[in-house]
Amino acid sequence: MPSTIDSSRSHPARFYDYWLGGRDNYLPDRRLGDEIASYIPGIRAMARANRAFLGRAVRYAITELGITQFLDIGTGLPTARNVHQVAQDVDPEARVVYVDNDPIVLAHARALMSGTPQGRTAFILADLRDPDSILTDPTLAETIDLDRPVAIMLVAVLMYFRDADNPHGIIARLLDAVPSGSCLVITYPTADVDPKGADLAAAACERAGITMALRTRAETESLFAGTDLIAPGVVHLDDGHPELAEAPLFEPDPYSGPAWAYAGMGRKP
C-alpha cells in the first residue's frame, strides 16, 4: 500500500471529495471529476445524495434496529456528517470503526475525526478484498463487541470490485462474523437510468486506472444475500428512508432527476 500521496493519478476518495466541494484533491482528480460530470450532469448532487443516505441509514440503524456499533469500510476522506458524528448525536455511546486501504485517507481521518467521550471511534488500515485482515485486526475487537449487532457500511465502495473479485463472498464473510440482528448498508451506482452516460463515465474511470463495475437493481439486490431486505428495499438514493433526513448538508444543486445509484439495507436474521 502506498504511504505517500501520488498526486499524478486520480483517486476515488479525492474526486468524490471534489464533487462534495472539499479541498483534499488534485488536478487529475478534478479533471476526472469534471469528465464524469460531463456524462452525468447531476453527479455532484448524486454524491451529496449518497452522503445524505449514509446519515439516514445510520439513524435508522440506531432508532429502528437498536444497533449502536458501526463498521464503515471504504470510508473515504472525512467530510460533513461522518458516521460517528451522526451516530453519536443520536447515541453518545455509539462505537464506530473506520476502515480504508489508503493510509492517506486514514491519516486525514485520525487527524480530523474524534468521537464523544462516552463512545469510541477507531481506525483500521486494511483492504476489503481481504476481509479477514479487517476482522482479525485487534482494533476491531477492542472497539466493537462482535457478540452484539453491528451495522456494516459498504457505501459507494463495491463498484470498485468486479465479479472476479468475489464481492458476494466478501460480504458473506463479513456477515458471518456478526450476530443475528446486524445489518448491511450498501449504495451502488447503476447504468439503469441512462446506460450511455453511465457507460461513458465508467469508461473514463477505467482509463484512469479505476475499476467501475456498474450493476442493475437486481444485481445490487443480490449483494444482500444472507439478509432480509428492509423496506423499501433497494431503491434510488433519495427514496431510502427520506423521513429520517436532516437539514441539507450542502447548497442546493439544480439537478432534480433520480440519482444514478441504488441504496438499501438488509438485516441478518
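Residues numbered from 1 in each chain as written. Predicted model: local features only at pLDDT ≥ 70, side-chain atom pairs only at ≥ 80, totals over all residues. Heavy atoms only, no water.

Asker: Help me get a handle on the overall build of the protein chain, residues and values and all.
Answerer: In terms of regular secondary structure, the protein chain is built from 10 helices and 8 strands. Its C-alpha radius of gyration of 17 Å places the protein chain within 12% of the 18 Å reference for a compact globule of 269 residues. Over its C-alpha atoms, taken along the principal directions, the protein chain stretches across nearly 45 × 40 × 40 Å. Looking at the protein chain residue by residue over its 269 residues, the buried ones come to 55%. (Helix = DSSP H or I, 4+ residues; strand = E, 2+ residues; numbered from the N terminus. Rg over C-alpha atoms; globule rule 2.2 N^0.38 Å. Buried < 20%, exposed > 50% of the residue type's maximum accessible area, 1.4 Å probe, protein only.)

Asker: Explain the pairing of strand E4 (residues 151–155) residue by residue, including any values.
Answerer: Within E4, 5 of the 5 residues are buried, which leaves it mostly tucked inside the rest of the structure. Relative to E4, strand E1 (residues 69–73) runs parallel, the two being bridged by 3 bridges. Each bridged residue has a counterpart across the sheet, and for Phe 70 the counterpart in E4 is Ala 151. Here E4 runs beside strand E5 (residues 183–189); their pairing, made up of 5 bridges, is parallel. (Pairing = 2+ DSSP bridges.)

Asker: Could you give an account of the packing of helix H1 (residues 12–19) against helix H3 (residues 43–63), with specific residues and numbers?
Answerer: Remark: H1 packs on H3, axes separated minimally by 8 Å, with the N-to-C direction vectors making an angle of 105°. With respect to H3, the element H1 is oriented roughly perpendicular. Residue-level contacts link Tyr 16, Tyr 18 and Trp 19 of H1 to Ile 43, Arg 44, Ala 47, Arg 48, Asn 50 and Arg 51 of H3. Residue composition of the contact of H1 with H3, grouped by class: 5 nonpolar, 1 polar and 3 charged. (Axes fitted to C-alpha atoms, helices over the stretch in contact; angles between N-to-C directions. Parallel < 35°, antiparallel > 145°, perpendicular 65-115°, else oblique. Contact = heavy atoms within 4.5 Å. Nonpolar A, V, L, I, M, F, W, Y, C, P; charged D, E, K, R; others polar.)

Asker: Which residues make up the packing of aromatic side chains, and what are the values?
Answerer: With the rule as written, the count across this model stands at 2 aromatic pairs. Their ring planes at 15° and their centres at 5.7 Å tell us that Tyr 98 and Phe 123 sit as a pair that is stacked. With Tyr 98 in strand E2 (residues 95–100) and Phe 123 in strand E3 (residues 120–125), this residue pair connects regions lying 25 residues apart in the sequence. The same class applies to Tyr 98 as to Phe 123, namely buried. (Phe/Tyr/Trp six-rings, centres within 6.5 Å; stacked < 30°, edge-to-face > 60°.)

Asker: If you had to explain the packing of helix H2 (residues 27–39) against helix H9 (residues 195–207) to someone new, which residues and values would you point to?
Answerer: Where H2 meets H9, the axes come as close as 8 Å, and the angle between the chain directions of the two elements is 165°. The pairing of H2 with H9 is recorded here as roughly antiparallel in orientation. The crossing of H2 and H9 is right-handed. Mapping the contact onto sequence places Leu 32, Glu 35, Ile 36 and Tyr 39 in H2 and Gly 197, Leu 200, Ala 201, Ala 204, Cys 205 and Arg 207 in H9. Class assignment of the residues belonging to the contact of H2 with H9 gives a composition of 7 nonpolar, 1 polar and 2 charged. (Left-handed = near helix turned anticlockwise from the far one by under 90°.)

Asker: Could you give an account of empty space enclosed by the protein, naming the residues involved and the relevant values?
Answerer: Once rolled over the atoms, a probe with the size of a water molecule shows which space is left empty. Scanning the entire structure with this criterion turns up 1 cavity of 30 Å³ or more. For the largest cavity, the calculated volume is near 30 Å³. Surrounding the largest cavity, Phe 53, Ile 230, Pro 232, Gly 233, Val 235, Gly 240, His 241, Ala 263, Gly 264 and Met 265 form its lining. If you tally residues by element for the lining of the largest cavity, the top one is strand E8 (residues 261–267), at 3 residues. Taken together, the residues of the lining of the largest cavity break down into 6 nonpolar, 4 polar and no charged. (1 Å grid on protein atoms, 1.4 Å probe; cavity = no way out; pocket = protein on both sides within 12 Å on 5 of 7 lines; lining within 4 Å. Points joined across faces, edges and corners; volume = space filled by probe spheres on them.)

Asker: Outline H2, listing residues and values.
Answerer: Given a rise of 1.5 Å per residue, 13 residues ought to cover 18 Å, and the 19 Å separating the end C-alpha atoms of H2 matches this to within 8%. Of all the residues in H2, the buried ones are Pro 28, Asp 29, Leu 32, Gly 33, Ile 36 and Ala 37. Among the structural elements, H1, H3 and H9 are those in contact with the buried residues of H2. (Expected span 1.5 Å × (residues − 1).)

Asker: Quick one: what's the story with the nonpolar core, residue by residue and with numbers?
Answerer: Phe 70, Leu 128 and Leu 154 are the most contacted members of the largest nonpolar core, which totals 87 residues. Ranked by residue count, the leading element in this core is H3, at 11 residues. Once you skip the residues sitting within four places of it in the chain, Phe 70 turns out to touch Val 58, Ala 61, Ile 62, Val 83, Ala 87, Arg 95, Val 96, Val 97, Ile 144, Val 150, Ala 151 and Met 153. (Core = buried A, V, L, I, M, F, W, Y, C linked by side-chain atoms within 4.5 Å.)

Asker: Please provide a residue-by-residue account of H3, values included.
Answerer: A rise of 1.5 Å per residue sets the reference length of H3, with its 21 residues, at 30 Å; its end C-alpha atoms lie 30 Å apart and thus fit the reference within 8%. H3 sits mainly inside the fold: 18 of its 21 residues count as buried.

Asker: Pulling in residues and values, what's your account of the pairing of E3?
Answerer: Note: E2 against E3, 6 bridges, orientation parallel. Its bridge partner lying in E3, Val 99 is registered against Ile 124. At this point the chain moves from E2, through helix H5 (residues 103–112), to the parallel E3, and the crossover so formed is right-handed. (Right-handed = clockwise from strand over helix to strand, strands pointing away.)

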